[in-house]
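# Summary of structural features
Single-letter residue listing:
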Amino acid sequence: MGLLLPILLGFLAALIGGLYLLGVFRQRRPGEPPLDKGLIPWLGHVLEFRRNTFKFLERMKQKHGDVFTVQLAGFYVTFVQDPQSFGAIVKESREKLDFNKFARHLVRRVFGYVFMEGDQNILHVSSNKHLKGDGLRVMTQAMMTNLQNLMLRDIGSASDQTTWTEDGLFSYSYNIVFRAGYLSLYGNVPHKSEGSEEKAINKDRAESEALFYEFRKYDQLFPNLAYGVLPPRQRLEAERLQGFFWNALSLQKMKVKDNVSRWVWDVQQGKEEMGMEESMINRYMFVLLWASQGNTGPSSFWLLLFLMKHPEAMTAVKEEVDKVVKESGQEVTPGGPLINLTHEMLMKTPILDSAVEETLRLTAAPLLTRAVLQDLTLKMADGREYLICKGDRIAVFPYSAVQVDPEIHPDPYSFKYDRFLNPDGSKKTDFYKAGKKVKYFNMPWGAGVSMCPGRFFATNELKQFVFLMLVYFEFELKNPDEKIPEIDFRRWGFGTMQPNRDVQFRYRLRY
Ligand code: HEM
């Protein structure tokens with residue numbers, strides 16, 4: 001008996017400690033948002049959340065209103081789904097709400113990259129220099145050259161140009177935009193080493209094709225990898241793919257390339273100067289490839305598909321594109337020089353801009369998450385206040401909170417190419433909810449500290465791709481009556497959504 005009591009007490013203490021860790025005792029305290037822990041200890045709602053984030057959050061919103069805390073795999077996450085209150089989160093000081101802590105955790109798990117103190121700053125400095133202003137012009141020019149090399153290489157050749165080529169629209173768009181984007185950022189095979197420009201371009205084409213093939217495999221594993229639920233065999237495959245990319249994008253490989261973008265170059269150099277190991281820098285190159293190439297391809301697919309399914313939108317965009325080419329004094333002629341589509345020309349397309357913004361409204365669905373570093377009071381726009389605990393997380397899912405809110409965007413699931421245009425043709429930025437102007441009316445790029453630094457380049461890439469398709473190709477859906485596919489629900493929260501099936505189309509050169 002003498003021994004039994006301490007063992008029993010020890011067991012009880014361990015049990016209570018365990019249950020505490022599983023979150024069993026956490027209760028909503030006065031002033032806190034409604035708490036919904038779900039039925040399964042520790043896991044909480046994570047299975048339903050993962051199955052369909054959008055549907056789950058809509059259910060919670062109906063049950064609790066626009067602010068609620070849910071338990072997700074051991075974390076307590078407070079969702080704020082009132083767009084008028086986003087400013088309070090976006091502008092909260094970094095001492096209280098931290099993006100990096102959450103991002104580092106994810107990047108480490110998914111890409112094996114371990115951050116060093118201060119290294120996020122390198123990305124910010126390089127992005128400010130090279131993904132905006134003059135740097136953006138240089139990048140846009142590189143993208144143009146690479147798109148033309150991939151899309152129009154056979155132009156003017158003797159091959160039968162009237163033959164239609166059939167392909168999946170998703171495969172085609174993702175393939176072209178990924179490869180051109182990759183070559184623009186990570187450089188080309190030097191002409192010198194290959195003996196001729198033609199041979200170097202062919203090598204770029206073959207290498208980028210192989211890279212895309214592997215990238216798509218990783219892309220498909222990504223949602224489960226990010227949630228940490230890959231079965232062992234797929235985990236091994238993910239590790240193999242990581243190794244492939246660390247090697248393909250390594251510093252050593254990059255050093256013998258031409259035209260490596262200053263954006264990538266400065267990040268590499270900054271990290272080398274910090275004393276980071278080469279193998280870790282190589283890993284980061286894969287992080288950047290992922291961030292820069294994972295969304296633009298799928299977005300270009302949706303944009304083309306929406307245009308093809310909405311003839312009035314296609315006509316308006318085509319007229320605008322033709323006008324811009326004409327005003328630049330260039331002409332597309334059979335066998336003639338390729339048009340030089342400059343950054344300046346891309347700045348004169350308000351209709352295409354609106355179509356791009358509308359496409360992203362319907363298909364970009366990031367989940368924006370911040371770690372709560374100190375207890376804080378969340379002040380909502382309507383005066384409500386909520387206490388949020390240190391150690392929890394705050395999240396915003398703009399897709400459901402704003403992008404498909406029928407009050408802000410009437411008939412929200414329809415594609416309206418001119419939704420972001422004023423009657424006078426200028427960019428529309430006035431959107432309202434309950435009579436009040438909404439500042440964050442579309443958030444495909446996120447907001448605040450973690451807002452996508454590549455957004456200007458990404459927009460140009462999408463526009464360049466559509467421009468070239470419209471100027472140089474005839475294209476049509478194989479089955480014009482085919483419905484727009486559903487989105488793949490497993491990817492909510494990871495950026496641009498992908499379709500759950502491809503759509504067949506055919507294309508051929510106009511000239
Ligand atoms: C349609 C295309 C794109 C979409 C929808 C998109 C969207 C986003 C979003 C929502 C985030 C923030 C994620 C968060 O807050 O957790 C982000 C981050 C990022 N994006 Fe993009 N992006 C696109 C294209 C690009 C391109 C082309 C580049 C680079 C050339 C790029 C580079 C990055 C980087 C480096 C980050 C991480 C920023 C940081 O850690 O501070 N993105 N993107």
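Residues numbered from 1 in each chain as written. Predicted model: local features only at pLDDT ≥ 70, side-chain atom pairs only at ≥ 80, totals over all residues. Heavy atoms only, no water.

## Some words on the overall build of the protein
Looking only at helices and strands, the protein has 20 helices and 15 strands in total. Projected onto its principal axes, the C-alpha positions of the protein cover 95 × 55 × 40 Å. A buried classification covers 52% of the 511 residues belonging to the protein. Across the protein, contacts joining residues at least 24 apart in sequence account for 76% of those joining residues at least 6 apart. Within the structure as shown, the protein displays about 23700 Å² of accessible surface, and the carbon and sulfur contribution to it stands at 56%. Placing the 66 positive and 60 negative side-chain charges of the protein at their respective mean positions leaves the two points 5 Å apart. (Helix = DSSP H or I, 4+ residues; strand = E, 2+ residues; numbered from the N terminus. Buried < 20%, exposed > 50% of the residue type's maximum accessible area, 1.4 Å probe, protein only. Contact = heavy atoms within 4.5 Å. Areas by Shrake-Rupley, 256 points an atom, 1.4 Å probe, with all protein chains shown as cover. Lys, Arg positive; Asp, Glu negative; His and termini not counted. Charge placed at Lys NZ, Arg CZ, Asp CG, Glu CD.)

## So, the packing of helix α8 (residues 169-186) against helix α14 (residues 278-293)
α14 packs onto α8 with a crossing angle of 135° between their chain directions and a minimal axis gap of 10 Å. As judged from the angle between their axes, α8 and α14 are oblique. Our pair here, α8 against α14, has a crossing hand that is right-handed. Along the contact surface, α8 presents Y174, V177, F178, G181, Y182, L185 and Y186, while α14 presents M285, L288, L289, S292 and Q293. Broken down by class, the residue content of the contact of α8 with α14 amounts to nine nonpolar, three polar and no charged. (Axes fitted to C-alpha atoms, helices over the stretch in contact; angles between N-to-C directions. Parallel < 35°, antiparallel > 145°, perpendicular 65-115°, else oblique. Left-handed = near helix turned anticlockwise from the far one by under 90°. Nonpolar A, V, L, I, M, F, W, Y, C, P; charged D, E, K, R; others polar.)

## Concerning a nonpolar patch on the surface
On the surface, L39, I40 and L47 cluster together into a nonpolar patch covering about 320 Å² of accessible area. Position of L39 relative to the elements: it lies in the loop between β1 (35-36) and α2 (46-51). (Patch = residues over 30% accessible without salt bridge, like charges linked within 9 Å, V, L, I, M, F, W, Y side chains within 5 Å. Salt bridge = Lys/Arg side-chain N within 4 Å of Asp/Glu carboxyl O.)

## Structural notes on the pattern of salt bridges
Applying the stated rule across the entire model yields 35 salt bridges. Here E358 and R419 are joined by a salt bridge, their closest N and O atoms 2.9 Å apart. Remark: R419 occurs in the loop between α19 (398-403) and β11 (432-433) and E358 occurs in helix α18 (residues 350-363); sequence separation between them is 61 residues. Of the two residues, E358 and R419, both sit in the buried class. Ionic contacts of the salt-bridge type, sharing partners, join the residues E214, K217, E237 and R240 into one network.

## Side note on the side chain of Q148
With respect to the helices and strands, the residue Q148 is situated in helix α7 (residues 133-151). Setting aside its immediate chain neighbours within four residues, Q148 contacts R153, L338, I339 and L468.

## Details of the pairing of strand β10 (residues 393-396)
Where a strand is regular, its side chains alternate between the two sheet faces. Where burial is concerned, the two faces of β10 agree: the one with R393 and A395 and the one with I394 and V396 are both buried. Bridging between strand β3 (residues 75-80) and β10 involves three bridges; their strand directions are parallel. Considered in β10, the bridge of V77 is made with R393. Bridging between strand β7 (residues 368-372) and β10 involves four bridges; their strand directions are antiparallel. Paired with A371 across the bridge in β10 is R393. (Pairing = 2+ DSSP bridges.)

## Re the UniProt feature "binding site: heme" (unreviewed entry) in the protein
When the UniProt feature table is mapped to this numbering, "binding site: heme" (unreviewed entry) covers C452. As for its position among the elements, C452 is in the loop between β12 (436-437) and α20 (455-472). Exposure remark for C452: the relative accessible area of 25% places this residue in the partly exposed category. (UniProt positions renumbered as here; feature names shortened; annotations may be inferred.)

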